[in-house]
Amino acid sequence: MAAPRHRNRRLLSFRSMIASRRQYVGRFAPTPSGPLHFGSLVAATGSWLEARAHGGRWLLRIEDLDTPRTVAGAEAAIIAALEAFGFEWDGPVVRQSERTDAYAAAFERLRRAGLVYPCACTRREIADSALARDGSPRYPGTCREGLPPGRSPRAWRVRAEGLACFDDAIQGPQREDLAEEIGDFIVRRADGIFAYQLAVVLDDADAGVSHVVRGADLLESTGRQILLQRLLGLPQPAYAHLPVVANAAGEKLSKQTLARPLAPASAPATLVAALAFLGQRPPPGLARAPLAEVWAWAGAHWRLDQVPRCRSIAVASTHDEECP
């Protein structure tokens, strides 16, 4: 069945950005809080295949800025799993923990321009406020015009104003009123760690990332990132958010939901399952083929327009369930 016209327009827009840039640059950016699982494999596979389909580069970034979440040995396990599944990346591995000077410099630019402000509110206080579209607490602006009497600063927040609009190649047109739906968000935490939203836009810009293909669980973060790109004068990548893998209970596969680590011994079958989840329709018997043959088939047949247009899909098994 042919793709709907509006979907073709999204893909043409996504591809026009490829044509207008010198080179497609994609990336995969896992957090070393545990081993990779099937959901991680789906994100890496979609990102890698889309980059290679356009003759582009694919970068690996370890997002280890949040040190309390970093697990000893997780980075080595992630790299070993990617290698065992046949992934190849371009250039050295980048680690956020080695880029704090860049984040600090960008934060100072925002502070000097009056675009961020100190906040004294606790999580409990914010949890009692109005909710954002994604169900998370929306900051009500308590400290926007100055700290309340007797309160000390904890975190720093950026002033969220205006609209963030983008055309996602999979999820369609997105429009977010930042003040009403998100509220002023943190760029430097109470423990002094720079927030993910600030770090990721700098990482992508410094690496020349032109296209971001990642899970739809990060779709709600994109508006925040577009705002920071705008404030810092950084280029805005094109976005494509893949459906997230959920378990039978509808929960996103994660370390918290006890997702099973990837098993290198079953790499071909698991990779075929990931391709099926992404709507690529691998042929019967490919799961029993050598890993190199699986990748060869995937590279020859990859089509972004076959990826299901939904936020998440529940599967009963990570090895033999095909995507609806």
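Owing to the predicted nature of the structure, the values given are computational and were not obtained by experimental measurement. (Residues numbered from 1 in each chain as written. Predicted model: local features only at pLDDT ≥ 70, side-chain atom pairs only at ≥ 80, totals over all residues. Heavy atoms only, no water.)

Asks: I keep staring at the overall build of the chain and nothing clicks. Help me out?
Replies: Secondary structure summary: the chain contains ten helices and twelve strands in total. Buried positions account for 51% of the 324 residues belonging to the chain. Contacts in the chain between residues at least 24 apart in sequence constitute 77% of all its contacts with a sequence separation of at least 6. (Helix = DSSP H or I, 4+ residues; strand = E, 2+ residues; numbered from the N terminus. Buried < 20%, exposed > 50% of the residue type's maximum accessible area, 1.4 Å probe, protein only. Contact = heavy atoms within 4.5 Å.)

Asks: Please explain the pairing of strand E1 (residues 25-28) as it appears in this structure.
Replies: Looking down a regular strand, the side chains alternate between one sheet face and the other. Burial of the side chains of E1 extends over both faces: Val25 and Arg27 are buried on one face and Gly26 and Phe28 on the other. Looking at chain direction, E1 and strand E2 (residues 57-62) are connected through four bridges and run parallel. Within E2, the residue paired with glycine 26 across the bridge is tryptophan 58. Each parallel crossover has a hand, and for E1 linked through helix H2 (residues 38-53) to E2 it is right-handed. (Pairing = 2+ DSSP bridges. Right-handed = clockwise from strand over helix to strand, strands pointing away.)

Asks: Could you clarify how one ought to interpret helix H10 (residues 291-301) in this entry?
Replies: Turn by turn, an α-helix covers 3.6 residues, leaving residues three or four places apart pointing in a common direction. Where H10 is concerned, the buried positions are Leu291, Val294, Trp295, Trp297 and Ala298. Each buried residue of H10 sits inside an arc of 160 degrees when the element is viewed along its axis, so together they form one side. Turned more than 90 degrees off the buried face of H10, the exposed positions are Ala292 and Ala300. Residues of H10 that are buried in the fold lie against H2, helix H3 (74-84) and helix H9 (267-277). (Arc of directions from axis to C-beta.)

Asks: I keep staring at the packing of aromatic side chains and nothing clicks. Help me out?
Replies: Describing an aromatic ring pair means giving the distance of the ring centres and the angle of the ring planes. Per the stated rule, a full pass over the model turns up ten aromatic pairs. When the ring of phenylalanine 107 is compared with that of phenylalanine 194, the centres are 5.9 Å apart and the planes differ by 55 degrees; the resulting orientation is tilted. With phenylalanine 107 in helix H4 (residues 100-112) and phenylalanine 194 in the loop between strand E8 (185-188) and helix H7 (196-207), this pair connects stretches of sequence that are 87 residues apart. Grouped by ring-pair contacts, the aromatic residues Phe28, Trp48, Trp58, Phe87 and Trp295 constitute a single cluster. Sitting above the plane of the tyrosine 139 ring, arginine 157 keeps its charged end 3.9 Å from the centroid. Taking NZ or CZ as reference, arginine 188 lies 5.6 Å from the ring centre of phenylalanine 107, over its face. (Phe/Tyr/Trp six-rings, centres within 6.5 Å; stacked < 30°, edge-to-face > 60°. Lys NZ or Arg CZ within 6 Å of the ring centre and 35° of its normal.)

Asks: Just checking my understanding: could you explain the pattern of salt bridges for this structure?
Replies: Side chains that carry opposite charge are capable of pairing whenever their charged atoms lie near each other. Under the definition given, this model contains 17 salt bridges. A salt bridge links aspartate 203 to arginine 61; its shortest N-O distance comes to 3.4 Å. Of this pair, aspartate 203 sits in helix H7 while arginine 61 sits in strand E2, and the two are 142 residues apart along the sequence. For aspartate 203, a relative accessible area of 4% puts it in the buried group. Residue classification places arginine 61 among the buried positions, given a relative accessible area of 5%. Overlapping salt bridges bring together Arg27, Arg61, Glu63, Arg99, Asp203, Asp204 and Asp206 as one network. (Salt bridge = Lys/Arg side-chain N within 4 Å of Asp/Glu carboxyl O.)

Asks: What am I meant to see in the nonpolar core here?
Replies: Within soluble globular proteins, side chains that are nonpolar generally end up buried alongside one another. Residues Phe28, Phe38, Trp58, Leu82, Phe87, Phe277 and Trp295 are the most contacted members of the largest nonpolar core, which totals 51 residues. For this core, the elements supplying multiple residues, two or more each, are H2, E2, H3, strand E10 (238-242), H9 and H10. Top contributing element to this core by residue count: H2, with eight residues. Once residues within four sequence positions are removed from consideration, phenylalanine 28 is found in contact with Leu36, Ser40, Ala43, Ala44, Trp58, Leu59, Leu60, Arg61 and Leu82. Judged by nonpolar contacts, the second largest core, of 32 residues, contains Phe194, Leu202, Val212 and Tyr239. (Core = buried A, V, L, I, M, F, W, Y, C linked by side-chain atoms within 4.5 Å.)

Asks: Would you mind going over the sheet that holds E2 with me for this structure?
Replies: Consider a sheet: its strands pair through backbone hydrogen bonds, and that pairing is either parallel or antiparallel. Sheet architecture is open: three strands sit in the order E1-E2-E3, paired in parallel fashion. The sheet is open, and its two edges are formed by E1 and strand E3 (94-95), each paired on a single side. In terms of strand pairing, E2 meets E3 through two bridges, oriented parallel. Looking across to E3, one finds that arginine 61 is bridged to valine 94. Against the sheet, H3 engages E1, E2 and E3, with an angle of about 155 degrees to E2. Strands in contact with H7 are E1 and E2; relative to E2, the strand with the most contacts, it is inclined by about 145 degrees. (Axes fitted to C-alpha atoms, helices over the stretch in contact; angles between N-to-C directions.)

Asks: Just checking my understanding: could you explain the environment of leucine 286 for this structure?
Replies: Here leucine 286 is to be found in the loop between H9 and H10. On a C-alpha basis, the gap between leucine 286 and proline 268 in space is 8.0 Å, while along the polypeptide they are 18 residues apart. Not counting chain neighbours up to four residues away, the residues in contact with leucine 286 comprise Val272, Glu293, Val294 and Trp297.

Asks: Would you explain the state of the cysteines in this entry?
Replies: A covalent bond between the sulfur atoms of two cysteines is referred to as a disulfide. This structure, assessed with the given rule, holds zero disulfides. For cysteine 119, which is in no disulfide, the shortest distance to another cysteine sulfur is to cysteine 121 and amounts to 3.9 Å. By relative accessible area, which is 1% here, cysteine 119 ends up buried. (Disulfide = S-S within 2.5 Å.)

Interpretation in functional terms is not warranted from these geometric data alone.
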